[in-house]
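# A closer look at the structure
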Amino acid sequence: MVFRISLILLLLSFKSFSQDYIWPVQAKKEITAVFAEERPGRYHTGVDIRTFGKIGYPLLAIENGYISRVRTSSKGYGKTLYLQLDDGNIAVYAHLDHFIPEIDNLVSALHQKYGKYTIDHTLEADDFPVSRGQLIGYSGDTGGISGPHLHFELRDKDGQPINPFDHSLSIPDNLPPIAEAIAIIPLDKNAIINGSSEQQVFTLTKINDNKYILPDTIYAYGNIGLAIKTLDKISGQYFNFGIYSINLLLDAQFIYSMQYNKINWGDASKIYTERSYSLARQGYGKFYNIFSNHGNHELPFVNSKSKKGYYFNKEVEHDAIIDVQDYAGNKIEIHTFFVSDTLPKFNYTTKFKDHQCKIIFTKNEQVKPLFMLAESGPNNALISTDYYDMGDNTFIIKNIKPPYNVLQISGKNNSGISSPPTFHMKPNENYEHIKGDFQIKHYEHGLIISFTENIFSGLTAYLTLEKKGQLFRYPLYRDSKLQLSSNLLSPLDFKDVTELKLFYESDTPYEVFTTQLFGDIIYPDSSFNIKINEQKIQLLGSPNTFFDTTYIWSRFVDISSPQEGNFITQPFFLKPYLIPFNQEIQLNIGIDSKYSNSNIGIYYYNQKTFKWSYLPSEVIKDSLYIKTSILSGEIFAVIEENNPPKLSNLLPDINATYYTSDLNHISFNISDSFSGLEGETDVIIKLDEKPIVFEYNSYQNKVRYPLKYNLTKGKHSLYVQASDRVGNKSTIKGDFYIK
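Structural notes, computed from the coordinates. (Residues numbered from 1 in each chain as written. Predicted model: local features only at pLDDT ≥ 70, side-chain atom pairs only at ≥ 80, totals over all residues. Heavy atoms only, no water.)

For the protein chain, the helix and strand inventory stands at four helices and 61 strands. Seen through its C-alpha atoms, the protein chain measures out along the principal axes to roughly 105 × 70 × 50 Å. Counting all 739 residues of the protein chain, 52% fall into the buried class. Considering only residue pairs separated by 6 or more positions, the protein chain has 68% of its internal contacts joining residues 24 or more positions apart. Of the roughly 34400 Å² that the protein chain leaves accessible, carbon and sulfur atoms contribute 48%. Across the protein chain, 72 positive and 81 negative side-chain charges occur, with their mean positions spaced 2 Å apart. (Helix = DSSP H or I, 4+ residues; strand = E, 2+ residues; numbered from the N terminus. Buried < 20%, exposed > 50% of the residue type's maximum accessible area, 1.4 Å probe, protein only. Contact = heavy atoms within 4.5 Å. Areas by Shrake-Rupley, 256 points an atom, 1.4 Å probe, with all protein chains shown as cover. Lys, Arg positive; Asp, Glu negative; His and termini not counted. Charge placed at Lys NZ, Arg CZ, Asp CG, Glu CD.)

Shown next, in the form of structure tokens:
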């Protein structure tokens, strides 16, 4: 309690001494994103202010100061202004449509001076002083953007991002955050959660607007971490937002605390020590880790005394309280309970006859049984069933018929702890209709191999790993109706593995599935240069690419080719998929010599959008490899594309005639649906055979060049060329006339 009161007083004192700024745009106080939200591989370092799909809202200086820097680019922040404020902070306005005339004129001159559109220019204090509330530019949609808005940042005197909401740029809000789920994460090989070595997600129950609970008590043993799926709502706003702070107490002891008030640019790569990468990749959504992980207690917003998980080994109930707070001070509390007592495991036999089953528990066990029926296929619906208590811990279930012909059995002990469910069905000797697939899940604490059946077999199984001609056998355990999983394995168990097989137990073991594995071991303190997939894939990386010893492998996958191109290599899934890369890995893919001069590139397959996306790649000179850099395990392929960009809406049009007063700019649209354009460097415009510096708006797919002077009467030549990122070109050239 003392800790909580001290923390609240600290927050109040911090905010009470903050500088009071005005709102940076003449538009409604609506936002689409807040400080420190997750972006791919980095943090969001500002606030996105809504401009309702429009451009041109006036932007205002939030305080006295001067314009210290101006940038233009077709990527990133687009057109950007930096204000050095009198209090030492820096205000950043990004994605502008245009600046005030004085700055526009300066930028135009700089474009001509440097002969390019991308510039980054520093100004002196007396060049462009500004006063609080002064007009400095207009909102837009330039740079790498998904729609018009103002990206606004505050930076401290060292240029590091700080939270604008700590400086009176607040929005009225009385809605508390929302908690959706909690994840329990094993942090070492000995950790167990409800009988499993895998991380598990549990849905939270809402008691009221400010309190949530996990209704079931969770069995946890060993070194355990928690993660929370939570979001914020703001009064009168239409989006989901990130939260401001999280605090965790376990058994009334401080475990973890963070508050998003500052981010250092150099910490972008550490985001997946503080957010759960594996849960997001498994489709559970965005979770905040609430334990110290790989040194993230050194992040400026994490309490340096935060602990590296929590070790459960006492046979007592543990009480965890999680406080989540938004930027306006609205707060929720989440309560969960854990026990480290022995997980119930009841011994019983089952005997099926016709459409009924007799279950006999060991006579000396005190058990409250729970019987449910399920379908044999992927439908996870359960229905309750009546049972007959025959005495002596003997029970009979009747009417076990298709489609609900799978019996699920679990029980609770005297402490109210449930045993893991088991699944049973009348024996079936027909294995041939059973299909499935392997999944190797590489977590930071180890690997688990799972086999998912298309229908329930009711059988026990084991797998074998072949290493240098020898077979190594590992048991599988049914952890859900259709899934069989191994115990936790070490990456070193996969050294030299070439083949993996699964067998059902029977008098004559029945081989169900087999797959080849191409992989190698990467050690954290060593650089690596390995070749897998029969030398067709080469991987090069630096020390500390991973935090720990890691197995990296690939397997071929069947995916239909994209409409826009043709596969040059068979697609393959490079893993691990659930562990983030700390540094880029160079990926080289072998190609046939006949494609070395083709319009090819390396693409990855987005499993959410079902689309291929280009990765910057190039053929390695004097080799039969094409290379790129990657930061995650994905499905990759080399694809040939022969469709050039499309040019449209050209102004002035070829062979057209215009009055001088009617033509004040050159413009056209560019579209390329596959590899795309890198930026303005992929476009060339020549007017009367002279190159011109133009603006390329990648969101609008539009190129525009304002004419600096009236064109003379007569004939003028125009040359336009656009290249996509694999080298396909489109060209328009010819003459137009001024009268």
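Let us now look at the side chain of D156. Counting through the fold element by element, D156 comes out in the loop between β12 (149–155) and β13 (161–162). Of the polar contacts made by the side chain of D156, one reaches the backbone nitrogen of D158; its length is 2.9 Å. Leave out the neighbours within four places in its chain, and D156 touches G88, N89, I90, I162 and K262. (Polar contact = N/O pair within 3.5 Å; in protein donor to acceptor, adjacent residues only side chain to side chain.)

Attention now moves to the sheet that holds strand β36 (residues 461–467). Taken together, seven strands build an open sheet; the order of strands is β34-β35-β38-β37-β36-β39-β40 and the sheet is antiparallel. Whereas interior strands pair on both sides, the edge strands pair on one side only; in this sheet they are β34 (436–443) and β40 (510–516). Within this sheet the neighbouring strands show an average axis-to-axis angle of 25°, counted without direction. Relative to β40, strand β39 (residues 497–504) runs antiparallel, the two being bridged by six bridges. (Pairing = 2+ DSSP bridges. Axes fitted to C-alpha atoms, helices over the stretch in contact; angles between N-to-C directions.)

Across all of its chains, the model carries 28 salt bridges by this definition. We note a salt bridge from K270 to D267, for which the minimum N-O separation is 3.8 Å. A salt bridge links K501 to E499; the shortest N-O distance between them is 3.9 Å. For K501, a relative accessible area of 22% translates into the label partly exposed. Connected through salt bridges with shared partners, the residues K28, E30 and R50 form a single ionic network. (Salt bridge = Lys/Arg side-chain N within 4 Å of Asp/Glu carboxyl O.)

Think of a ball as big as a water molecule: rolled over the atoms, this probe shows where empty space is left. All chains considered together, the criterion is met by two cavities of 30 Å³ or more. Considered as a void within the structure, the second largest cavity measures approximately 70 Å³ in volume. Along its surface, the second largest cavity is lined by F438, Q439, I440, L500, T515, L517, W553, R555 and K575. With three residues, the single largest contributor to the lining of the second largest cavity is β34. Partitioning the lining of the second largest cavity into residue classes produces five nonpolar, two polar and two charged. (1 Å grid on protein atoms, 1.4 Å probe; cavity = no way out; pocket = protein on both sides within 12 Å on 5 of 7 lines; lining within 4 Å. Points joined across faces, edges and corners; volume = space filled by probe spheres on them. Nonpolar A, V, L, I, M, F, W, Y, C, P; charged D, E, K, R; others polar.)

Estimated volume of the second largest pocket: approximately 1800 Å³. For the second largest pocket, the lining is made up of 43 residues, of which R39, P40, G41, Y272 and Y604 are closest to its centre. Residue classes in the lining of the second largest pocket are distributed as 17 nonpolar, 15 polar and 11 charged.

To continue, consider the pairing of strand β51 (residues 625–630). One ladder, built from six bridges, connects strand β47 (residues 585–590) with β51; its direction is antiparallel. If you follow I585 over to β51, its bridge partner there is I630. When strand β50 (residues 618–619) meets β51, the two strands line up antiparallel, connected through two bridges. Bridged to V619 within β51 is I626. The hairpin turn running from β50 into β51, its antiparallel successor, is five residues long, and D622 in that turn takes a positive phi close to 60°.

Once that is clear, we can look at the sheet that holds strand β59 (residues 702–706). Across the sheet, which stays open at both edges, the four strands sit in the order β53-β55-β59-β58 with antiparallel pairing between neighbours. Two strands lie at the open edges of the sheet, namely β53 (646–651) and β58 (695–697), each paired on one side alone. In this sheet, neighbouring strand axes are inclined to one another by 20° on average, regardless of whether the strands run parallel or antiparallel. The pairing of β58 with β59 spans three bridges and is classified as antiparallel.

In this section: unusual backbone geometry. Note the cis peptide between P402 and P403, where omega equals 5°. Tracing the sequence through the fold places P403 in the loop between β31 (394–397) and β32 (406–412). For D496, which is not a glycine, the phi torsion comes out positive at approximately 70°. Structurally, D496 is set in the loop between β38 (483–485) and β39. For D496, a relative accessible area of 37% gives the class partly exposed.

One pair of aromatic rings is described through two measures. These are the centre distance and the angle between the planes. By the definition in use, this model includes 29 aromatic pairs. Judged by centre distance (6.1 Å) and plane angle (65°), the ring pair of F518 and F556 falls under edge-to-face. With a gap of 38 residues between them, F518 in strand β41 (residues 518–522) and F556 in strand β44 (residues 550–556) connect regions that are remote in the sequence. Residue class for F518 comes out buried when judged on its relative accessible area of 14%. Their ring planes at 20° and their centres at 4.6 Å tell us that Y603 and F674 sit as a pair that is stacked. Note that Y603 is positioned in strand β48 (residues 600–606) and F674 in the loop between β55 (665–671) and β56 (683–687), a separation of 71 residues in sequence. A connected cluster of aromatic rings, assembled from ring pairs, spans Y348, F361, F371, Y387 and F395. A cation over an aromatic ring shows up here: R69 above the ring of Y82, its NZ or CZ 4.3 Å from the ring centre. For the cation-ring pair, K686 lies above Y719, with the distance from its terminal atom to the ring centre recorded as 5.8 Å. (Phe/Tyr/Trp six-rings, centres within 6.5 Å; stacked < 30°, edge-to-face > 60°. Lys NZ or Arg CZ within 6 Å of the ring centre and 35° of its normal.)

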